[in-house]
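# Coordinate inspection notes
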Amino acid sequence: MTTDRIARRSTLRLVLVLAAVAAVVAVAVLVVPLLLPPGPRPHFQLPVACGERWRLGTYPGHDDYDVDLFPTAGDPWGRPVLASAAGKVTVAGINGSLGGRTPGNPTGPRGRGGGYWVKIDHGGRWETQYLHLLEPPLVEVGQRVAQGEQIGRVGSTGNSGAPHLHYEQRRGWEKVETWFDGAPSGVTTDDREYSVTLTSNNCVDGER
Ligand SMILES: [Zn+2]
């Protein structure tokens, strides 16, 4: 064997070893966290301004645990949407299509899906989602947000009948019952139309 060939062989061996190490690291970093049990539930707050009362409703065909929020007083259009807990923005964009429902044309063409939306990763495999925002979100992917930080404004983009905030909490891949200020909301199945009214205690612009 020429020294050239030996050198080529040892280079190949090194490349294979590095590839194997990279594969093991990728599995450890990407897969293992998904197998770990979720962390404790963050102390979520209502995604709306401190002290405001909002009606949390659902209806048949919505989906279990999905919540639609409507203010009990005042104009819903443009109301601030706040982060329920500190976290990192993982989605800030358009789901489906926007449609044409605006404050000036509330019965304009309906869009598809969630319209302008935001998803926040709170760590421990907990996430929250905020749909049908009026305008492009006020946050960007990768940005850290504090609890109570404004991420958007209430609108009616996507598949939305009237201005409201569609909201979800997820643990791992599953939607779960929404909790606010340490208590379950009571919005669980979508087998009938019902609602609960809560007051926001999202009062402190907390740690990022
Ligand atoms: Zn909804």
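Further up the page is the structure itself.
Residues numbered from 1 in each chain as written. Predicted model: local features only at pLDDT ≥ 70, side-chain atom pairs only at ≥ 80, totals over all residues. Heavy atoms only, no water.

### A closer look at the overall build of the protein chain
Defined as follows: Secondary structure is summarised from DSSP: a helix means a run of H or I of at least four residues, a strand means a run of E of at least two, and numbering begins at the N terminus for each. Here the globule rule is a power law, 2.2 Å times the number of residues to the power 0.38, and the radius of gyration is based on C-alpha atoms. Contact between two residues is taken to exist if any of their heavy atoms lie within 4.5 Å; hydrogens are not considered. Per-residue and other accessible areas were derived by the Shrake-Rupley procedure at a 1.4 Å probe size, with only the shown protein chains allowed to occlude residues. All tallies of charge rest on Lys and Arg as positive and Asp and Glu as negative; His and the ends of each chain are not included. To locate a charge, take NZ of a lysine, CZ of an arginine, CG of an aspartate or CD of a glutamate.
In terms of regular secondary structure, the protein chain is built from one helix and 13 strands. Along the protein chain, from the amino end to the carboxyl end, the secondary structure elements read α-β-β-β-β-β-β-β-β-β-β-β-β-β. What you see for the protein chain is a C-alpha radius of gyration of 22 Å, clearly larger than the 17 Å of a compact globule of 208 residues, by over 25%. For the protein chain, the spread of C-alpha atoms along the principal axes amounts to about 85 × 40 × 35 Å. Residue pairs at least 24 apart in sequence account for 69% of intrachain contacts in the protein chain once pairs closer than 6 positions are excluded. Entry remark: accessible area of the protein chain is about 10,900 Å², with carbon and sulfur atoms responsible for 57%. The protein chain carries 21 positive and 21 negative side-chain charges, and their two centres are separated by 10 Å.

### Points about the pairing of strand β2 (residues 67-71)
This is how it is decided: Note on exposure labels: buried denotes an accessible area under 20% of the residue type's maximum, exposed denotes more than 50%, and partly exposed covers the range between, all computed with a 1.4 Å probe on protein chains only. Here, any two strands with at least 2 DSSP bridges between them count as paired.
β2 sits mainly inside the fold: four of its five residues count as buried. Where β2 lies against strand β9 (residues 165-171), three bridges are found, and the strand directions are antiparallel. When the sheet's bridge partners are listed, leucine 69 is paired in β9 with leucine 165.

### Some thoughts on the coordination of the zinc ion
Put simply, the ideal angle at a metal is 109.5 degrees for four donors in tetrahedral geometry and 90 or 180 degrees for six donors in octahedral geometry. Using the following cut-off: Distances decide who is a donor: an N, O or S atom must be within 2.8 Å of the metal, or within 3.2 Å for Na, K and Ca. Water is not included, so sites may look incomplete.
Only His62 (NE2), Asp68 (OD) and His166 (ND1) from the protein reach the zinc ion as donors, at distances of 2.0 to 2.1 Å. Of note, the donors binding the zinc ion are all from one chain and are spaced H-x5-D-x97-H. Residue histidine 62 is located in the loop between β1 (53-58) and β2, and its partner histidine 166 is located in strand β9; the two are separated by 104 residues in the primary sequence. Accessibility assignment for this pair places histidine 62 and histidine 166 in one class, buried.

### Quick notes on the nonpolar core
The following threshold applies: For the purposes of this section, nonpolar cores are sets of buried Ala, Val, Leu, Ile, Met, Phe, Trp, Tyr and Cys residues that join through side-chain atoms within 4.5 Å.
In terms of nonpolar packing, the biggest core is built from 23 residues, with Leu69, Val118, Tyr130 and Ile151 touching the most fellow members. The set of elements that each furnish at least two residues to this core consists of β1, β2, β5 (112-121), β6 (126-133) and β9. For this core, the leading source of residues is β5, giving three residues.

### Quick notes on the pattern of salt bridges
For the record, the criterion: Every case where a carboxyl oxygen of Asp or Glu lies within 4 Å of a side-chain nitrogen of Lys or Arg is listed as a salt bridge.
As enumerated under the stated definition, the model contains nine salt bridges in all. For aspartate 63, the salt bridge identified is with lysine 175, shortest N-O distance 2.8 Å. Placement of the pair is aspartate 63 in the loop between β1 and β2 and lysine 175 in strand β10 (residues 174-176), with a sequence separation of 112 residues. A salt bridge links lysine 119 to glutamate 127; the nearest nitrogen and oxygen atoms lie 4.0 Å apart. The buried category is assigned to glutamate 127, whose relative accessible area is 18%. A network of salt bridges, in which partner residues are shared, links Asp63, Asp66, Glu168, Arg170 and Lys175.

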